[in-house]
Amino acid sequence: MKAHEIDYVIHGEEMQYVSITLDQNEGVVAEAGSFMTMDQGIKMETIFGDGSAKDKGVLGKIFGAGKRLL
């Protein structure tokens, strides 16, 4: 799949937020707690961790979280 730039607009001066327009089958990764709202037809998937390895299993995820704490 060929990647291209995501359409976005930065709003505000002191308290800024970013408005992102996604094309069909496009996705975006956001920091925990930073997501504000979405339009209908958008599917949101939440995961534990950074998403780089989805199939690590529960113990692998807990171990990864413990390493980050240290």
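Structure first, text after, so check above.
What follows is about the environment of Met-38. Following the sequence through the fold, Met-38 ends up in the loop between strand E2 (17-21) and helix H1 (57-69). On the accessibility criterion, Met-38 (38% relative accessible area) is partly exposed. In the structure, Met-38 is positioned 19 residues away from Ser-19 in sequence and 9.8 Å away in space, judged by C-alpha atoms.

Our next topic: the pairing of strand E1 (residues 7-11). Both E1 and E2 contribute to a ladder of five bridges, which runs antiparallel. Bridge pairing in E2 links Tyr-8 to Ile-20. Connecting E1 to the next strand, E2, in antiparallel fashion are five residues, including Gly-12 with a positive phi near 95°.

Calculation criteria
Residues numbered from 1 in each chain as written. Predicted model: local features only at pLDDT ≥ 70, side-chain atom pairs only at ≥ 80, totals over all residues. Heavy atoms only, no water. Helix = DSSP H or I, 4+ residues; strand = E, 2+ residues; numbered from the N terminus. Buried < 20%, exposed > 50% of the residue type's maximum accessible area, 1.4 Å probe, protein only. Pairing = 2+ DSSP bridges.

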